[in-house]
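# Fold and geometry: a report
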Protein chains: 2
Amino acid sequence: MDRARRPTADGDRRRGEHDKRRPATGMDRASVASVTRLSSYYRILEEFERDSLATTSSTTLARRAGVTPAQVRKDLSFFGNFGRRGLGYNVSLLRAQIGKILGLGHRWSVALLGAGNLGHALFAYKEFEKQGFYIEHVFDADPSKVGKSWAGVRIRDIGELQSTHAHPIHIAILAVPVSAAQTVVARAITAGIRAILNFTPAQLDVPDGVIVRNVDLAIAMESLSFALVK
Amino acid sequence: MDRARRPTADGDRRRGEHDKRRPATGMDRASVASVTRLSSYYRILEEFERDSLATTSSTTLARRAGVTPAQVRKDLSFFGNFGRRGLGYNVSLLRAQIGKILGLGHRWSVALLGAGNLGHALFAYKEFEKQGFYIEHVFDADPSKVGKSWAGVRIRDIGELQSTHAHPIHIAILAVPVSAAQTVVARAITAGIRAILNFTPAQLDVPDGVIVRNVDLAIAMESLSFALVK
DNA sequence: AGATGTGAAAGTTTTCACAGCC
DNA sequence: GGCTGTGAAAACTTTCACATCT
């Protein structure tokens, strides 16, 4: 099978791999780093909106996000012209536009794979629902967990992942032991899931068209110890 | 106070900010991305060692890590010449050398700030101790939690963070509510902590010389929804 | 032959600097 | 004067390709 070739260790992925020769839009030109920054602008704008600020500028936004004003403008320019020269940006309009870019208008159905400690913490994590990510399915392999419920969601056997679901599952959160990671991911893909947030240290092997973002906690820690020791 | 200027939203940081005009060593030339990859090579080498492989090559390592062989060699070249031309790398030697680069020889003393759901999951996360990160302190502001113990570690009031400690705390894991993030971080810094793994969505304001790595779970999720919707 | 280590080339991202608009 | 949007320059990262060693 033809498999994705080159995800960076921390979950980035180069672009331009399977261009269909459409004219390049902002979608294609913006890097993962740029999209990550959009998320942080979005958070800041939510806050500005709560504080009833009507307008803002790339300078203000940049200071809060810890980047340069030029970077803010460049990031936004990949997707359109959202500001007005001389005036800046309308806070709620810009927030809405970024939200649309990030796909935050949708209600995303998420499956949690692995109901251990980490799985439970992620299940309880409030920020996900705020942004439209609903963990509506929980799967685990441990018979002592299967059948129990978390906040009304029944934990089902991981084998049931591939059974037909009334509604499609958009995203899987992978929080199983590293030894089970590849097997479980293969099942998720068979079940039609095309986006995976991977909390295991495993380097997942997925077919083209499936998106993986790695959150490796130990690696993040090691980048700190590297900085401390250097 | 003079403050750190430009961490990228996902925790990267440009180099070359306060060069002391020493000749550039690998430590300075290697990017955060490169160090992240070193961590993943380290994991793979541990596995090779368990499988009793004596030697390996940049090609083998690269395939497993999902990068190119040239990248493996370049990453390593920032820190030294660990291989032998024509022969490849000695698995255990290379693992040891990378471990040293990453500061994995040490026993790092870690304080967990915030004993909520996420904090508990991180406390229980096995990979940390395997790499030398020991969560020896847990702090929380909630009086109903203070005084309880997790696996022999007593949860203390966050106010005690600044009391003198017999042994220094090297790293703080920040898992408090976002509203408390900046206050708690200021205390951690007063207590002498210079490295922070930040699980809150807050953009932390820290003095120069303090290292922050952000793990923003909602942002990781948003980068998936962006890819799904585009 | 087979592999590393590394300058140089290619590619990507960030910053600069300024035209254009309010 | 203030601020955006953007080509061009600078900086940085990855890949190439080959000298060098076993």
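If you're wondering where the values come from, they're calculated on a predicted model, not measured in any experiment.

With that out of the way, let us pick up the pattern of salt bridges. Taken as a whole and judged by the stated rule, the model has 14 salt bridges over all chains. Residue R64(A) pairs with E47(A) through a salt bridge whose shortest N-O separation is 2.6 Å. Residue R64(A) is located in helix α3 (residues 58–65), and its partner E47(A) is located in helix α2 (residues 32–50); the two are separated by 17 residues in the primary sequence. Put simply, R43(B) and E222(A) hold a salt bridge, and the shortest N to O gap is 2.8 Å. Residue R43(B) is located in helix α2 (residues 32–50), and its partner E222(A) is located in helix α9 (residues 217–229); the two belong to separate chains. Like R43(B), the residue E222(A) is buried in the burial classification. A single network of salt bridges, built from pairs that share partners, joins R43(A), D216(B) and E222(B).

What follows concerns the interface of chain B and chain A. Where interface size is given, it is often the accessible area lost as the parts come together that is meant. The interface of chain B with chain A comprises 66 residues on the first partner and 67 residues on the second. Both sides together, the interface formed by chain B and chain A hides about 5,900 Å², and carbon and sulfur atoms give 73% of it. One can count four salt bridges joining chain B with chain A. Two residues, R43(A) and D216(B), come together in a salt bridge whose shortest N-O distance is 3.5 Å. On the surface where chain B and chain A come into contact, there are 13 residue pairs in polar contact (both at pLDDT 80 or more). Per-element tally for the side of chain B that touches chain A: the top contributor is helix α9 (residues 217–229) of chain B, with 13 residues.

Our next topic: the relation of the copies chain B and chain A. Between the two chain copies there is a screw-like relation: a rotation about an axis and a shift along it. Each copy superposes on the other: chain B lies on chain A with an RMSD of 0.1 Å after a rotation of 180 degrees and an axial shift of 0.0 Å. The relationship between the two copies is best expressed as a two-fold rotation axis. Using C-alpha coordinates, one finds that chain B approaches the rotation axis most closely at A121(B), a distance of 3.1 Å. Both copies share a contact surface, since 100% of the interface residues of chain B are interface residues in chain A too.

What counts and what doesn't
- Residues numbered from 1 in each chain as written.
- Chains lettered and ligands numbered in written order.
- Predicted model: local features only at pLDDT ≥ 70, side-chain atom pairs only at ≥ 80, totals over all residues.
- Heavy atoms only, no water.
- Salt bridge = Lys/Arg side-chain N within 4 Å of Asp/Glu carboxyl O.
- Helix = DSSP H or I, 4+ residues; strand = E, 2+ residues; numbered from the N terminus.
- Buried < 20%, exposed > 50% of the residue type's maximum accessible area, 1.4 Å probe, protein only.
- Contact = heavy atoms within 4.5 Å.
- Buried area = accessible area lost by both parts, 1.4 Å probe.
- Polar contact = N/O pair within 3.5 Å; in protein donor to acceptor, adjacent residues only side chain to side chain.
- Least-squares fit on C-alpha atoms with pLDDT ≥ 70 in both.

The quantities given are spatial measurements derived from coordinates; they are silent on function.
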